[in-house]
Amino acid sequence: MSTPALPHVIRMHASDNVAIVGNSGGLRAGTVLDSGLVLRDQVPQAHKVALVDLSAGQPVLRYGVEIGRAKAAIAAGSWVHERLLEMPAARALHDLPLPDAARALPVLEPLQGYTFEGYRNADGSVATRNLLAITTTVQCVAGVLEVAVQRIREELLAQYPNVDGVVGLEHSYGCGVAIDAPDAPIPIRTLRHISQNPNFGGEAMVLSLGCEKLQPERLLPEGSIAVISQVRLQDSEHVGFMAMIDHILATAKTHLERLNQRRRETVPASALVVGVQCGGSDAFSGVTANPAVGYCTDLLVRAGATVLFSETTEVRDAIEQMTARAATPEVAQRMIDEMAWYDAYLARGGVDRSANTTPGNKAGGLSNIVEKAMGSIIKSGTVPINGVVSPGDKAQGPGLFYAATPASDFICGTLQLAAGMNVHVFTTGRGTPYGLEACPVIKVATRTELAQRWHDLMDLNAGPIADGTASVADVGWQLFHLLLATASGRKTWAEHWKLHNSLVLFNPAPIT
Ligand code: CA
């Protein structure tokens, strides 16, 4: 599992004129590569080396795709850092060709016989955790919710051993918002669909205030959840704070008793709804972890499962690859429409997709959003894209879906929960302790160094792919088996330490 001491560079595609340094300490100037190329500069790990002399204006190719043009001549063996590259313009959307409706889609070989132990729900979905959800209509009740959830954990949960936990769905929406604005349905349906997440077993408690704009019946219209109960804090029966808390606990008990009757049973792998995401990316994300996730995506889709890939600003530069993989011309058109909507949303704020990259991405060797996008889209594997999920909507699986969400880790995770995700895969190169309370998050490290340093935060190490001791297929299969085990109840490190991020709503509508 250790990095070979020999100088080691990784090229992704035969046409690439750059490769990235694999060695954990980087490589010194004067190092001679296998090919005989001599490094002219010290090049840090995960950063790019010019494999040939590049003239000014020449396309720099990685993944067989132009990630930029050389601003000036770059000699073979030089460090190709971000300041030497001119980023290409975003592909126009209006003249993208749509796939031919009559073309033959690749036939996928079914993957049969894989199962996990899950909780069946009445609507046909399957839970990987047995959780009580307390959903809320407005931020005003968040403090009361926190006290109540704490008391439920301390005083009640021990009596209900088959219940994995209680989740307070706290958020910043509900009042002080333009609730009838054209984009307001996005945060509202996000909250509604999160309450319907399979891991909540088809029931929800609603905690409301009374005078807020988002009334309980607007959040959860009749029939949207099979078993529902309500506590409204401004009702006259609550004389004092403790009466509110006692009422919440008594209501919670009625749900806990029912949830406690649930048992895991063997279900096919097709019941998985897996959201894939990356965060804190480096140049290895697109070399190790994301290709392994992509391999696993193909396995999951072949097994009949549903996979969601997202992060619009990170796949915008791969739009031509995406439309070419669309199952139908209609699916391709919906991708284009979602991206056009997002382009306009960013333009309204005075930025474009290039605002995505972070200082950490650049320090990790990613020059710009085009390079990041090519490493990000690999998570979606090679199978056809069956559908598009608008922000806050639910996926109607099976198959691979583009869930159009921002790339922001917590907003993407929140929207994938709304889409029906019951297990989450998250790759990271720089490292993030990300987690969600409503759904297990499997974190995949891109580098062995990170996996060793954060040995009790990372669930899987894709670093051996860069080290040359495992293949993409090896790690893809490891992830597939880990997904089934995790869905069956095996705890992730984030669950072990009780680490989770807040729900963060995507609200493109105005605040009043
Ligand atoms: Ca992300």
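Owing to the predicted nature of the structure, the values given are computational and were not obtained by experimental measurement. (Residues numbered from 1 in each chain as written. Predicted model: local features only at pLDDT ≥ 70, side-chain atom pairs only at ≥ 80, totals over all residues.)

(A) Structural detail: the sheet that holds strand β12 (residues 203–208). Ordered in space as β11-β10-β12-β13, the four strands form an open sheet in which the pairing is parallel. The two strands at the open ends of the sheet, each matched to only one other strand, are β11 (165–169) and β13 (227–232). Here the average twist between neighbouring strands, direction ignored, is 20 degrees. As paired strands, strand β10 (residues 131–136) and β11 are joined by five bridges and run parallel to one another. Each bridged residue has a counterpart across the sheet, and for T135 the counterpart in β11 is L169. Docked against the sheet, helix α1 (residues 142–156) engages β10, β11 and β12, running at close to 180 degrees with respect to β11. (Pairing = 2+ DSSP bridges. Helix = DSSP H or I, 4+ residues; strand = E, 2+ residues; numbered from the N terminus. Axes fitted to C-alpha atoms, helices over the stretch in contact; angles between N-to-C directions. Contact = placed C-beta atoms within 7 Å.)

(B) Summary view of the pairing of strand β19 (residues 423–428). Within β19, six of the six residues are buried, which leaves the element mostly enclosed by the surrounding structure. The pairing of strand β15 (residues 273–278) with β19 spans five bridges and is classified as parallel. Counted as the bridge partner of G275 is H424 from β19. Where β19 meets strand β20 (residues 441–445), five bridges bridge the pair, whose relative direction is parallel. Bridging from a neighbouring strand, F426 pairs with K443 of β20. (Buried ≥ 20, exposed ≤ 12 C-beta atoms within 10 Å, placed from the backbone.)

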